[in-house]
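Descriptive analysis of the structure
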Amino acid sequence: MVKMGTTPLQVNRTVAVGMRTVLIILGLAAVSMAPDAKICFENIVVPSGISFVLDNSATPQKHQIETMIAGVAVFDYNNDGLLDIYFVNGAAVPGLDKSNPRYYNRLYRNNGDETFTDVTDSAGLRGAGYGMGVAVGDYDNDGYEDVFVAGVNRNQLFHNNGDGTFTDVTAKAGLEGVHPRLGKTWSISAGWFDYDNDGYLDLIVVNYVRWSPEHEPACFVDKIRGYCSPGGYEGEPSMLFHNNGDGTFTDVSERSGIGKHVGKGMGVAFADYDGDGFTDVFVSNDTFRNFLFHNNGDGTFSEVAILAGVAYNEDGKSIAGMGADFKDIDNDGRPDIFVVAMIGDMFPLFRNRGRYFEDITRTSGVARATAGLTAWGAGVFDFDNDGHKDLFAACASILDNSEEIDHLPSKLPNLLLRNLGNGTFVDVSADAGGGFLAPAAHRGAAFGDLNNDGKMDIVVTNLNGKPDILINRSQNANHWLTVKLVGTKSNRDGLGARIKVWPSTGPVQYNHATTSVGYGGSSDRRVHFGLGPAARVDKLEVTWPSGIRQTLMGVNADQILTVREK
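Quick caveat: nothing in here was measured; it's all calculated off a predicted structure.

**Points about the pairing of strand 33 (residues 457-462)**
Side chains on a regular strand alternate between the two faces of the sheet. Strand 33 sits mainly inside the fold: six of its six residues count as buried. Burial along strand 33 is two-sided: the face carrying Asp 457, Val 459 and Thr 461 and the face carrying Ile 458, Val 460 and Asn 462 are both buried. Pairing analysis gives five bridges linking strand 32 (residues 442-448) to strand 33, with the strands arranged antiparallel. Paired with His 442 across the two strands is Asn 462, which belongs to strand 33. As defined by bridge partners, strand 33 adjoins strand 34 (residues 468-472) across three bridges and the pair is classed as antiparallel. In the sheet register, Ile 458 faces strand 34, and the bridge partner there is Leu 470. In this structure, the hairpin formed by strand 33 and strand 34 is closed by a connection of five residues, where Asn 464 is found at a positive phi of approximately 60°.

Set out below in structure tokens:
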């Protein structure tokens, strides 16, 4: 982005192409040491039947919203055991209405053969307004996944009727996103979690900046117009809505403490980072310090990012935070934080040390791999099933004309960093497949096993283009286990549940149930474990949000295991 006037936002930029060349060499060196460990993807968007194009209604005025879209969700809307895909889309500018089918959000049903069918119209999920992010969760515990869409001028909650159709219940639920002082906020991301462990999913909506097409500033570099820096806009607080259990929600933003903190929110991720039984919230902010909301267990949150060591990078600077994930990368039982950002920022990786977090971006090798990149979507998943979670970033410039303004490419390849299991990561993008490496204006990303073969796949949105449908074709002998949770006393999706597994060989592993991953995205609620050579899990332990601890013994690998709370 550029400042108002003639000064570029970044003055010390790394040349992305040159940096990436070095990284690819490093990645090839690492992969050559273990040729059987390659992580490979195939982009099947052409044969898949998916024709969706993310349309931002780009204008010469460079409206701020144009570069910020959009998220994507993978979830099983019809309970057939296959993950479907829902794409959020833009709208006409400046009217911000979906006046043409090119702007419709799109739902694609998974046919089970790596093809998909557009069922948007029959499902009733076209949406309204200029969309941004999506959050999926069963808020009424009826066994069917519901959809919340965050947007610039409209937020929408779609109730899943269980018959392949959805009903817009936004007004009834009280989730229009109208702030008592600010009016309708620009909502970018959202996430479902049960903050008070009452068995019903609550909703946090992450808001960005005050914006309107009528008051759009003009920003130039050498007489070339570009998107403005967020520094020229006033930030907005996030909003928290408590689920009343009757289909309605109460705005508890101020009462909880969430609404007292004004930021420029982008990504949101959940984990119980201190093991006290209550889910905490991390919010990445754009050119503003990050927030870490510690759940006090009494309906309130304390913002502790500075004390915890995750507000700034290790140089004490705010970054242009984008997508985030909150998962245990080193199997020590403590969730860590991965954030993607803008070129020159590096992508911070914070290791959870118990009472505080340590910035290991440089020592882990992540700094070297990311200093020359900008990314939006992010995810922490074990893509080669070796028992160590890897890092993914959906990369692209913020400016669609960065070739003119920054003399850097606007379209970038995705990034894949393999976890070596010793606290370090190496760039293996070069061997991840031609479809994975294709430069594009990547934005949001969602993760899940689309073909139920035990390997995690990725869906990435591309600005003004078709998405990447990246099917994991990695060839190795590693085993896996996917756990589908069904809550009874806890929320039915089991979100917030912590899972610990003891493979028959290899280290103990930890993961937890969440759908809120990356930037404006919603991923599969099932919890995935790569087991390496272990063909069995000797012991599996689920700690539910209700406090119930459930243990299973002698679980076979290579299956999708359903665990019902009891």
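**Things to note about the sheet that holds strand 27 (residues 357-359)**
Taken together, the four strands give an open sheet; going across it, the order is 24-25-26-27, and neighbouring strands pair in antiparallel fashion. In this open sheet, the two edge strands, each paired with only one partner strand, are strand 24 (324-327) and strand 27. Sheet twist, expressed as the mean angle between neighbouring strand axes with direction ignored, is 20°. By the bridge criterion, two bridges tie strand 25 (residues 336-339) to strand 26 (residues 349-352) in an arrangement that is antiparallel. In the strand pairing of strand 26, Phe 338 is matched with Leu 349.

**Brief notes about the state of the cysteines**
Inspection of every chain in the model, using the stated rule, returns one disulfide. Disulfide pairing places Cys 219 opposite Cys 228 at an S-S distance of 1.8 Å. Measuring handedness by torsion sign, the sulfur bridge of Cys 219 and Cys 228 sits at about 105° and is right-handed. Both residues of the pair, Cys 219 and Cys 228, belong to the buried class. For the unlinked cysteine Cys 40, the closest cysteine sulfur is that of Cys 395, found at 18 Å. Assessed through its relative accessible area of 24%, Cys 40 is described here as partly exposed.

**Quick notes on empty space enclosed by the protein**
Overall, the coordinates contain three cavities of 30 Å³ or more when judged by the stated rule. Here the largest cavity defines a volume of roughly 160 Å³. Looking at the lining of the largest cavity, the elements with two or more residues in it are strand 28 (375-381), strand 37 (509-512) and strand 40 (527-532). Its residues assigned to classes, the lining of the largest cavity comprises seven nonpolar, nine polar and six charged. Looking at which domains feed residues into the lining of the largest cavity, each of domain 1 (41-479) and domain 2 (480-564) supplies at least three.

**Thoughts on the nonpolar core**
Ranked by size, the top nonpolar core spans 99 residues in total, and within it Ile 85, Tyr 86, Trp 186, Leu 292, Phe 347 and Ile 469 carry the most contacts. Not counting chain neighbours up to four residues away, the residues in contact with Phe 347 comprise Phe 338, Val 339, Val 340, Ala 341, Thr 361, Val 366, Thr 370, Leu 373, Thr 374, Ala 375, Ala 393 and Leu 415.

Cut-offs applied
- Residues numbered from 1 in each chain as written.
- Predicted model: local features only at pLDDT ≥ 70, side-chain atom pairs only at ≥ 80, totals over all residues.
- Heavy atoms only, no water.
- Buried < 20%, exposed > 50% of the residue type's maximum accessible area, 1.4 Å probe, protein only.
- Helix = DSSP H or I, 4+ residues; strand = E, 2+ residues; numbered from the N terminus.
- Pairing = 2+ DSSP bridges.
- Axes fitted to C-alpha atoms, helices over the stretch in contact; angles between N-to-C directions.
- Disulfide = S-S within 2.5 Å.
- 1 Å grid on protein atoms, 1.4 Å probe; cavity = no way out; pocket = protein on both sides within 12 Å on 5 of 7 lines; lining within 4 Å.
- Points joined across faces, edges and corners; volume = space filled by probe spheres on them.
- Nonpolar A, V, L, I, M, F, W, Y, C, P; charged D, E, K, R; others polar.
- Domains from an automatic or database assignment.
- Core = buried A, V, L, I, M, F, W, Y, C linked by side-chain atoms within 4.5 Å.
- Contact = heavy atoms within 4.5 Å.

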